[in-house]
Amino acid sequence: MPQVIPVLKDEEDEQPVPTLWRGTLSEIVDALKNGDYGLKDIRDVEPLDAETEEAISRNIEGYGLTLVSLPAECWQSSVCRWLDGFWEVLVDLFTAEEGLSDLVLHSNVFEESGGFRFEVHLVYVP
């Protein structure tokens, strides 16, 4: 049985991305790899405004390689941190050409009654 990573509110240290969020984050990456930069149809994910959508599109296309679905190994290096009201999440992205890429998905996750809400901020090379 795989290890379940819990949701923690640790202000001191980065944590692995909780197991509970991984499906939604994978859906986000799948949408992006398919050119859906607005993220309008993913449950619990805020649709992006036109400016953010354009920036993500420009950064992914400018990177010049083919984004792929998140492999299991991405969770070994992706992290989150509690920041007094929400979690900041950085997910390492992969491409067909190079595997682990320099691109990251930066998003915030907010706890709400009955679940979580995801706000994507950007895909970029830090």
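Source: prediction; values computed, not measured. (Residues numbered from 1 in each chain as written. Predicted model: local features only at pLDDT ≥ 70, side-chain atom pairs only at ≥ 80, totals over all residues. Heavy atoms only, no water.)

Quick look at the environment of Leu 100 now. Note on placement: Leu 100 falls in strand S4 (residues 99-112). C-alpha of Leu 100 to C-alpha of Lys 9: the two residues are 91 residues apart in sequence and 28 Å apart in space. The contact partners of Leu 100, leaving out residues within four places of it in the chain, are Asp 92, Leu 93 and Phe 94. (Helix = DSSP H or I, 4+ residues; strand = E, 2+ residues; numbered from the N terminus. Contact = heavy atoms within 4.5 Å.)

The biggest cluster of nonpolar side chains holds 32 residues, and the ones touching the most others in it are Trp 21, Leu 25, Leu 32 and Leu 105. Secondary-structure elements contributing two or more residues to this core are helix H1 (19-33), helix H2 (50-63), strand S2 (79-82), strand S3 (87-95), S4 and strand S5 (115-124). The residues contacting Leu 105, other than those within four sequence positions of it, are Leu 25, Ile 28, Val 29, Leu 32, Val 89, Leu 90, Val 91, Leu 93, Val 120, Leu 122 and Val 123. (Core = buried A, V, L, I, M, F, W, Y, C linked by side-chain atoms within 4.5 Å. Buried < 20%, exposed > 50% of the residue type's maximum accessible area, 1.4 Å probe, protein only.)

Before going further, it helps to spend a moment on the pairing of S4. Pairing geometry for S3 and S4, over eight bridges, is antiparallel. Its bridge partner being in S4, Glu 88 is matched across the sheet by Asn 108. A loop of three residues connects S3 with S4, the two strands running antiparallel in sequence. Summarising the sheet, S4 and S5 pair through nine bridges and their orientation is antiparallel. What sits directly across from Glu 112, in S5, is Gly 115. (Pairing = 2+ DSSP bridges.)

Here the focus is the pairing of S3. Burial of S3 is extensive: seven of the nine residues sit out of reach of the surface. Across four bridges, S2 lies against S3 in antiparallel orientation. The residue of S3 that forms the bridge with Val 79 is Leu 90. Counted along the chain from S2 to the antiparallel partner S3, the turn is four residues long, and its residue Asp 84 has a positive phi close to 55 degrees.

Remember, this is a structural readout, not a statement about activity or role.
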